[in-house]
Amino acid sequence: MVLRPAPPGSGIVFRRASGGAVIRAALDAVTGTDGRVSLGGAGGVQTVEHLLSAAWAVGIDNLDVELAGGEVPGMDGSALPIFEALRHAGVERQDAMKPVLRVRTPVWTGEESSWIVALPAPRFGAAYIVTQDASRLEDQAATYDPARDRYEEVIAPARTWGYERDAEALRRRGLALGASLENTLVIGASGYLNAPRFPNEAARHKILDLVGDLALLGRDIHGYVIAVRAGHRLHVALARGLRDQGE
Ligand SMILES: [Zn+2]
């Protein structure tokens, strides 16, 4: 993956090194939310959420992303390597304003025991509740207030997590081929198979994903988001609901 500066108004755009269409990171480009966010359908790009999350945290709105393959590299399963690369390269202020989306009234979506809501608030913030299906793991929560918490300390290092029992099925579908105990927090029948970086690493990672998925709006959100047992599909559904709120 090669990241290059882009002019104001271009947004974050993905290109395959082999050619093909340029895909802008936007809600209308989303073609998949099953375990990862895919843009542009067949021939498009997959797993854009950690890059979008890190770029948002560094304050980058315009970026040209060239990919050797069809997927953003997973690296250590967190957003920290991308955050550090972007921070090291530096950020240039551009002569354009980033539009703001103000949450005026509660916007929510969900199903069964999973839901997500955005509430009016003077700036962005998020809280996430995660439950895990393992006998020794308790429910966990994480909160993120960008005015108080340093993204690179509390959010970026949190890794992708998943169930050992799902790994074989994912591999048969050609997914999660790079997943290992080095880059994934893996849950077995009774608990974690490897050491978590934080007691609530899973909930922190969900906030990492949420921030990246909401970045598809291309606007700064003034609102507080609360998610319970949600994931990419509900994150994108909330983003669409916020867009359609019309502010
Ligand atoms: Zn993730």
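Above this text sits the structure in question.
In short, a report on the structure. (Residues numbered from 1 in each chain as written. Predicted model: local features only at pLDDT ≥ 70, side-chain atom pairs only at ≥ 80, totals over all residues. Heavy atoms only, no water.)

Helix and strand counts for the chain stand at 6 helices and 15 strands. In terms of C-alpha radius of gyration, the chain reaches 17 Å, essentially the compact-globule figure of 18 Å for 247 residues. Buried positions account for 47% of the 247 residues belonging to the chain. Contacts in the chain between residues far apart in sequence, at least 24 positions, make up 73% of those at least 6 positions apart. Accessible area for the chain stands at about 12200 Å²; split by element, carbon and sulfur atoms hold 52% of it. Here the chain contributes 27 positively and 30 negatively charged side chains, and the mean placements of these two sets differ by 2 Å. (Helix = DSSP H or I, 4+ residues; strand = E, 2+ residues; numbered from the N terminus. Rg over C-alpha atoms; globule rule 2.2 N^0.38 Å. Buried < 20%, exposed > 50% of the residue type's maximum accessible area, 1.4 Å probe, protein only. Contact = heavy atoms within 4.5 Å. Areas by Shrake-Rupley, 256 points an atom, 1.4 Å probe, with all protein chains shown as cover. Lys, Arg positive; Asp, Glu negative; His and termini not counted. Charge placed at Lys NZ, Arg CZ, Asp CG, Glu CD.)

Here the focus is the packing of aromatic side chains. Taken as a whole and judged by the stated rule, the model has 5 aromatic pairs. Centre to centre, the rings of Phe 83 and Tyr 151 are 5.6 Å apart; their planes meet at 35°, and the pair counts as tilted. Of this pair, Phe 83 sits in helix 2 (residues 80–89) while Tyr 151 sits in helix 3 (residues 151–154); the two residues are 68 residues apart in sequence, bridging distant segments of the chain. For Tyr 151, a relative accessible area of 3% corresponds to the buried category. Among the aromatic residues, ring-to-ring pairing joins Trp 56, Phe 83, Phe 124, Tyr 144 and Tyr 151 into one connected group. Positioned above the aromatic ring of Tyr 163, the side-chain terminus of Arg 165 is 4.4 Å from the ring centre. Between Arg 204 and the ring centre of Phe 198, over which it is positioned, the NZ or CZ distance is 3.8 Å. (Phe/Tyr/Trp six-rings, centres within 6.5 Å; stacked < 30°, edge-to-face > 60°. Lys NZ or Arg CZ within 6 Å of the ring centre and 35° of its normal.)

Read from one edge of the open sheet, 4 strands run 1-7-2-3, paired in mixed fashion. Each of the sheet's edge strands pairs with one partner strand only, and the pair in question is strand 1 (2–5) and strand 3 (23–24). Judged from the 4 bridges that link them, strand 1 and strand 7 (residues 63–67) form a sheet pairing that is antiparallel. When the sheet's bridge partners are listed, Pro 5 is paired in strand 7 with Leu 63. (Pairing = 2+ DSSP bridges.)

Glancing now at helix 5 (residues 201–214). Helix length check: helix 5 (14 residues) gives 20 Å between terminal C-alpha atoms against 20 Å at 1.5 Å per residue, within 8%. Among the 14 residues that make up helix 5, 14 are buried, leaving the element largely enclosed by the rest of the structure. (Expected span 1.5 Å × (residues − 1).)

Moving on, we come to the sheet that holds strand 5 (residues 38–39). Strand order in this open sheet of 3 strands is 4-5-6, and the pairing throughout is antiparallel. The open sheet has two free edges, formed respectively by strand 4 (30–32) and strand 6 (45–46), since each of these has just one partner strand. Sheet topology note: the strand 4/strand 5 ladder contains 2 bridges and is antiparallel. From the neighbouring strand, Val 30 faces strand 5, where its bridge partner is Leu 39.

Our next topic: the packing of helix 5 against helix 6 (residues 232–244). Orientation of helix 5 relative to helix 6, taken along the N-to-C sense of each, is 40°, at an axis distance of 9 Å. Relative to helix 6, the crossing made by helix 5 is right-handed. Counting all contacts with helix 5, which are made through Lys 206, Asp 209, Leu 210, Asp 213 and Leu 214, the residues of helix 6 involved are His 232, His 235, Leu 238 and Ala 239. (Axes fitted to C-alpha atoms, helices over the stretch in contact; angles between N-to-C directions. Left-handed = near helix turned anticlockwise from the far one by under 90°.)

Each protein donor to the zinc ion is listed here as His 50 (NE2), His 205 (NE2), Asp 209 (OD) and Asp 209 (OD); together their distances run 2.0 to 2.8 Å. Taken together, the 4 donor atoms surrounding the zinc ion define angles of 52 to 149° at the centre, an arrangement classified as irregular. (Donors = N, O, S within 2.8 Å, 3.2 Å for Na, K, Ca; no water. Tetrahedral: all angles 85-135°; square planar, octahedral: opposite > 155°, others 65-115°.)

One way to put it is that helix 1 (residues 49–58) packs onto helix 5 with a least axis distance of 7 Å and a crossing angle of 80°. Compared by their axis directions, helix 1 and helix 5 come out roughly perpendicular. Touching Glu 49, His 50, Leu 52, Ser 53 and Trp 56 of helix 1 are His 205, Leu 208, Asp 209, Val 211, Gly 212 and Asp 213, all from helix 5. (Parallel < 35°, antiparallel > 145°, perpendicular 65-115°, else oblique.)

Attention now moves to the pairing of strand 2 (residues 12–16). Judged from the 5 bridges that link them, strand 2 and strand 7 form a sheet pairing that is parallel. Bridge assignment links Val 13 to a residue of strand 7, and that residue is Asp 64. Here strand 2 runs beside strand 3; their pairing, made up of 2 bridges, is antiparallel. Residue pairing for strand 3: Val 13 is matched across the bridge by Arg 24. The hairpin turn running from strand 2 into strand 3, its antiparallel successor, is 6 residues long, and Gly 19 in that turn takes a positive phi close to 110°.

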